[in-house]
Amino acid sequence: MKEMSYELLDLMDQYGEDEEGISRILETETEPWVLLALSPLRENLVEWLPVSPADRVLELGAGYGALTGALARKAGEVVVLDHREENLEVSRRRWRQMKNIRWEKETDGGFDWVMLVGPKTRAARLGIPAHGVSWNQREKEKADLKEQINQGASWLKAGGRLVLSLPNREGIKYWAGAELEEEEMSLTWGELKELFASMGGKTAYYYPLPDYKMPTAIYSDQYLPAEGEIPSLYAEYEKPRYRLFSEEAAYGAICQAGGFPQFANSFLVIWEKV
């Protein structure tokens, strides 16, 4: 979904930028991207993380402030890093009342947590229109993502944790007719495992459903879904689409066969620096 920072700033001017204003925007505006940008459901992705008041958190990408408030309520300090001033401004206006947040275009190290949620492709970060992705381009994007992860890891203290969340290219929703966003990084289960296998450290894998953007449940390798307990799989912000088959029925069969991680709609990875 393309950047909508200027449109969000206009809505904040119209309705207000505090909690009450954000609620009025969500009640009045019906475009799916508004829900995606401002819904408090977004916070489910991080509210369970063991972030403490002594921790410094680095959020890579402003993300309209969707997770910033939840992190700031738990951490001692949150630094939001984004090279686009309009993205920082949306987050700044949304959370200006919280005194433990800084919005920056560059930073140093010494963080307990680094959040890389929904990383954008290099083309998207540079504002270059996407026109399909060739195999060579995919390899370049994977190398760029690894570079982003290594940079984030370099900013961590020993024992600090990097959190990565992104779509699974082989997720059931995409087999069933949903479209991947060209501006958004995505990996397969095999690519993700290969990437983190080369990093050392300690890695834990989680699987948000319906996806990482609007999670209502988050599973792990220690607790995978059983047949019949999969939550609703249609995310409210999604574009209308034909469903080529029943995703719930497919997941039921996949859970029985033990293949859920490979076909989960998205991933959340927590990597610990040792």
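From a predicted model like this one, the values you see are computed outputs, not experimental measurements. (Residues numbered from 1 in each chain as written. Predicted model: local features only at pLDDT ≥ 70, side-chain atom pairs only at ≥ 80, totals over all residues. Heavy atoms only, no water.)

1. Concerning the packing of helix α1 (residues 5–15) against helix α5 (residues 85–95)
Where α1 contacts α5, the axes come no closer than 9 Å and their chain directions differ by 30°. Between α1 and α5, the angle is such that the two are roughly parallel. Once α1 is placed against α5, the crossing between them reads as left-handed. Each of Ser5, Tyr6, Leu8, Leu9, Met12 and Asp13 in α1 lies in contact with α5, whose residues at this interface are Glu86, Asn87, Glu89, Val90, Arg93 and Arg94. (Axes fitted to C-alpha atoms, helices over the stretch in contact; angles between N-to-C directions. Helix = DSSP H or I, 4+ residues; strand = E, 2+ residues; numbered from the N terminus. Parallel < 35°, antiparallel > 145°, perpendicular 65-115°, else oblique. Left-handed = near helix turned anticlockwise from the far one by under 90°. Contact = heavy atoms within 4.5 Å.)

2. Let's talk about a nonpolar patch on the surface
There is a patch of nonpolar side chains on the surface, built from Trp175, Tyr242, Leu244 and Phe245 and spanning about 540 Å² of accessible area. Here tyrosine 242 lies in the loop between β7 (217–220) and α10 (247–257). (Patch = residues over 30% accessible without salt bridge, like charges linked within 9 Å, V, L, I, M, F, W, Y side chains within 5 Å. Areas by Shrake-Rupley, 256 points an atom, 1.4 Å probe, with all protein chains shown as cover. Salt bridge = Lys/Arg side-chain N within 4 Å of Asp/Glu carboxyl O.)

3. So, α10
Each turn of an α-helix holds 3.6 residues, which means side chains three or four residues apart point in the same direction. Listing the buried residues of α10 in full gives Glu247, Ala250, Tyr251, Gly252, Ile254 and Cys255. Packed against the buried residues of α10 are α8 (172–175), β6 (202–209) and α11 (260–263). Once α10 ends, the next one or two residues include glycine 258, with phi positive near 80°. (Buried < 20%, exposed > 50% of the residue type's maximum accessible area, 1.4 Å probe, protein only.)

4. Let's talk about the side chain of serine 91
Take serine 91: it is sitting in helix α5. Beyond its immediate sequence surroundings of up to four residues, serine 91 is in contact with Ala62, Tyr64, Gly65, Thr68, Val80 and Trp103.

5. Digging into the sheet that holds strand β2 (residues 77–81)
A sheet is described by the order of its strands in space; here 8 strands give the open sequence β3-β2-β1-β4-β5-β8-β6-β7, paired in mixed fashion. Looking at the sheet topology across the chains shown, the edges are occupied by β3 (101–104) and β7. Neighbouring strand axes in the sheet, compared pairwise and without regard to direction, differ in orientation by 20° on average. Inspection of the sheet shows strand β5 (residues 156–167) paired to strand β8 (residues 266–272) by 7 bridges, in the antiparallel sense. Residue pairing across strands places leucine 164 opposite valine 269, the latter belonging to β8. Each of β2 and β3 is contacted by α5, which is oriented at about 165° to β3, the strand it contacts most. The strands touched by helix α9 (residues 189–197) within the sheet are β5, β6 and β8, with β6 carrying the most contacts at an inclination of about 155°. (Pairing = 2+ DSSP bridges.)

6. Overview of the nonpolar core
Core analysis: the largest hydrophobic core is formed by 39 residues, its most contacted members being Leu145, Ile149, Leu164, Leu192, Phe196 and Phe260. If we ignore the near neighbours within four places in the chain, the residues touching isoleucine 149 are Leu116, Leu162, Leu164, Leu195, Phe196 and Met199. Formed by 26 residues, the second largest nonpolar core is a distinct cluster that contains Leu45, Val57, Val78 and Leu88. (Core = buried A, V, L, I, M, F, W, Y, C linked by side-chain atoms within 4.5 Å.)

7. Regarding the layout of surface pockets
Empty space among the atoms can be located by rolling a probe the size of a water molecule over them. By volume, the second largest pocket amounts to about 380 Å³. Together, 22 residues line the second largest pocket, and Ala178, Glu179, Leu180, Glu181 and Lys239 are the ones closest to its centre. Across the lining of the second largest pocket, the residue classes tally to 8 nonpolar, 2 polar and 12 charged. (1 Å grid on protein atoms, 1.4 Å probe; cavity = no way out; pocket = protein on both sides within 12 Å on 5 of 7 lines; lining within 4 Å. Points joined across faces, edges and corners; volume = space filled by probe spheres on them. Nonpolar A, V, L, I, M, F, W, Y, C, P; charged D, E, K, R; others polar.)

Note that every value here comes from positions in space, so none of it alone points to a role or purpose.
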